[in-house]
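Results of the structural survey
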Amino acid sequence: MPANKLELQDITRVYDGVNVVDGLSLALKPGEVTCLLGPSGCGKSTSLRIAAGVDRQTSGQVLIDGQVVSDQSGHMPPEARNIGLIFQDFALFPHLNVERNVGFGLKGSNASKKARVCELLQKVDLEGYVHKYPHQLSGGEQQRVALARALAPKPQVLLMDEPFSGLDDRLRDDVRDATLELLKSENTAVLLVTHEPEEAMRMADQIVLMRSGRIVQAGAPYNIYNSPVDRQAAAFFSDVNVIEGVVKNALTETPFGQFLTPGMVDDTEVEIIIRPQHLKLDFDRKGRGPNPTVTDGVPARGRVKRSRYLGHQSVVEFMMDYDSSVLKVLVPGVFLPKVETAMWLSMRRDRCFLFKK
Ligand code: ADP
Ligand code: MG
């Protein structure tokens, strides 16, 4: 196991009597990207600022390479921490060209500085840009210069706060991929703050999901997506359908048949959560439909209330005969059923999450 490069241990930050960060612990490892993910205002930037040392926690401690750099008794300033920082606005020096921006924090001989600047500009695919100024660059190019500048002094840890949010959608995926490649090649330990689940899924080795200053769940993207700890954690990553039920004799009755709810006492209210892409629409109850996939459980009848064609998929709002509830179904491909079409809906039971209400 590689050593933790940076650790936050039981960090709390109080502003105006409120714990905006409340007992947060996490660890960053070399060559790993950890995404701090959560809705606006949940305490992500405050946590990152505490890691950087530009803000100081009310309690808890910060460690770098296993050494305490901030606790009740002392606080190492940010410039002494060997940490790189990138914020949303990139903050390039407007009066310095690309070469001097990237070389800004470098020490040593001119030749060694030049070599490092060259190496990084090559890695971010901007070799020909050394003499350009920030205003002559596109948003994506500025982002890559900011990344090269932050990584030039070989920081062990890079902290990034919403670094891609200023870029337009099409550019963003390419810049993210290039960034990831560079970070891996430099073996940097990275904390990336974002409010976008797709960005976290795309970038992270580990996602730390936050809500109201606390960690709700941490783990690999696959686990966070497929084993959410509660309804809100599931709903943060996609639309979800909620099927409500009540336990009777360790079973819960739903339009899709009975669900086993062992160990739950009678009258417990439960919610079964299913993402729209894990429901399947068919023309008949034998499963002959436009998109054959494996499903199980009992199909349920209903009719199409509304459908929207999105190109790569369609969204169908489907009204269940069972109780007139409306479930959202994502249908891949070009299938677009007409309103009022009677159809059968089935679900992938292995993709359902069941929680106590
Ligand atoms: P996020 O980055 O997740 O959007 P922040 O960490 O910026 O959230 O903020 C978390 C909470 O702390 C917010 O309610 C915000 O208003 C509050 N907060 C942040 N900085 C300060 C400050 N300097 N003074 C008072 N309240 C602050
Ligand atoms: Mg923020």
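These numbers were taken from a predicted model, which means no experiment stands behind them.

Considering the pattern of salt bridges
All chains considered together, the criterion is met by 27 salt bridges. Linking lysine 114 and glutamate 99 is a salt bridge whose minimum nitrogen-to-oxygen distance equals 3.3 Å. Note that lysine 114 is positioned in helix H3 (residues 110-123) and glutamate 99 in helix H2 (residues 98-103), a separation of 15 residues in sequence. The partner of arginine 176 in a salt bridge is glutamate 196, and the shortest N-O contact between them spans 3.5 Å. With a gap of 20 residues between them, arginine 176 in helix H5 (residues 169-186) and glutamate 196 in the loop between strand S8 (189-194) and helix H6 (197-203) connect regions that are remote in the sequence.

Topic: the packing of H3 against H5
Packed helix pairs are characterised by how far apart their axes lie and by the angle those axes make with each other. Closest axis-to-axis distance for the H3/H5 pair is 10 Å, and the angle between their directions is 140°. Of the possible angle classes, the one that applies to H3 and H5 is oblique. In this structure, H3 uses Arg116, Glu119, Leu120 and Lys123 to contact H5, whose residues at the interface are Leu182, Ser185 and Glu186.

Considering a nonpolar patch on the surface
Side chains of Val54, Leu85 and Phe87 sit close together on the surface and give an oily, nonpolar patch of about 230 Å² of accessible area. In this structure, valine 54 sits in the loop between helix H1 (44-52) and strand S4 (59-64). On the accessibility criterion, valine 54 (47% relative accessible area) is partly exposed.

As for the domain arrangement of the protein
Under the domain assignment used here, the protein contains domain 1 (6-232) and domain 2 (238-356). The gap between the C-alpha centroids of domain 1 and domain 2 is 40 Å. Listed as interface residues are 6 residues of domain 1 and, on the opposing side, 9 residues of domain 2. Carbon and sulfur atoms supply 53% of the area that domain 1 and domain 2 bury against each other, a total of about 680 Å² over both sides.

Re the sheet that holds strand S1 (residues 6-15)
Spatially, S2-S1-S4-S5 is the arrangement adopted by the 4 strands of the open sheet, whose pairing is antiparallel. Strands with a single pairing partner mark the edges of an open sheet, and in this sheet they are strand S2 (18-28) and strand S5 (67-70). Strand-to-strand, the axes of this sheet are offset by a mean angle of 30°, without reference to chain direction. Of the pairings in the sheet, the one linking S4 to S5 comprises 3 bridges and is antiparallel in character. In the sheet register, valine 62 faces S5, and the bridge partner there is serine 70. Packing against the sheet, H1 makes contact with S1, S2 and S4, and its axis sits at approximately 120° to S1.

Examining unusual backbone geometry
Unusually for a residue other than glycine, asparagine 187 sits at a positive phi of about 60°. Inspection of the secondary structure puts asparagine 187 in the loop between H5 and S8. One non-glycine residue, serine 324, lies in positive phi territory at about 60°. Counting through the fold element by element, serine 324 comes out in the loop between strand S17 (313-320) and strand S18 (326-332).

Examining the packing of helix H4 (residues 139-151) against H5
Axis separation between H4 and H5 bottoms out at 10 Å; the angle between their running directions is 15°. In terms of axis orientation, H4 runs roughly parallel to H5. For the element pair H4 and H5, the recorded crossing hand is right-handed. Contacts from Gly140, Gln143, Leu147 and Leu151 of H4 reach H5 at Leu171, Val175, Thr179, Leu182, Leu183 and Glu186. Its residues assigned to classes, the contact of H4 with H5 shows 6 nonpolar, 3 polar and 1 charged.

Points about the sheet that holds strand S9 (residues 206-211)
Strand pairs in the sheet, formed through backbone hydrogen bonds, run parallel or antiparallel to each other. Within the open sheet, the 6 strands sit side by side as S6-S7-S8-S3-S9-S10. Their pairing is mixed. Looking at strand neighbours, the two that pair on one side only are strand S6 (83-86) and strand S10 (214-219), the edges of this open sheet. When the angles between neighbouring strand axes are averaged without regard to direction, this sheet yields 15°. Inspection of the sheet shows strand S3 (residues 33-37) paired to S8 by 5 bridges, in the parallel sense. Following the sheet pairing, leucine 36 is matched in S8 by valine 193. With respect to the sheet, H1 is in contact with S3, S6, strand S7 (157-161), S8 and S9, its orientation differing from that of S7 by roughly 150°.

Scoring rules and cut-offs
Each residue is numbered by its place in its chain's sequence as written, counting from 1. Labels are handed out in written order, letters beginning with A for the chains and numbers beginning with 1 for the ligands. In view of the model being predicted, local features appear only for residues whose pLDDT reaches at least 70, and side-chain atom pairs are presented and counted only at 80 or more, with totals across whole chains, interfaces and linings using the full set of residues. Excluded from the side-chain calculation are hydrogens and water; included are all heavy atoms of the structure. Salt bridge, as applied in this entry: a Lys or Arg side-chain nitrogen positioned within 4 Å of an Asp or Glu carboxyl oxygen. By the criteria applied, helices consist of DSSP H or I runs no shorter than four residues and strands consist of E runs no shorter than two, each listed in order from the N terminus. To obtain each axis, a line is fitted to C-alpha atoms, and for helices this fit is confined to the stretch in contact; angles are then taken between N-to-C directions over 0 to 180 degrees. An angle below 35 degrees is treated as roughly parallel, one above 145 as roughly antiparallel, one from 65 to 115 as roughly perpendicular, and anything else as oblique. Any two residues whose heavy atoms approach within 4.5 Å at even a single point are treated as in contact. In this analysis, a patch consists of residues with relative accessible area above 30% that form no salt bridge, clustered at 9 Å for like charges and at 5 Å for the nonpolar side chains Val, Leu, Ile, Met, Phe, Trp and Tyr. For every accessible area listed, the method is Shrake-Rupley and the probe measures 1.4 Å; residues are considered covered only by the protein chains on display. To sort residues, take the accessible area from a 1.4 Å probe on protein chains only and compare it with the maximum for the residue type: under 20% means buried, over 50% means exposed, and anything in between is partly exposed. Residue ranges labeled as domains rest on an automatic or database domain assignment. The quantity reported as buried area is the accessible area (1.4 Å probe) lost by two parts once they are put together, taken as the sum for both. Any two strands between which DSSP finds at least two bridges are classified as paired. Less than a right angle of anticlockwise turn of the near helix away from the far helix marks a crossing as left-handed, whereas a clockwise turn marks it as right-handed. We call Asp, Glu, Lys and Arg charged. Ala, Val, Leu, Ile, Met, Phe, Trp, Tyr, Cys and Pro are nonpolar, and the rest, Gly among them, are polar.

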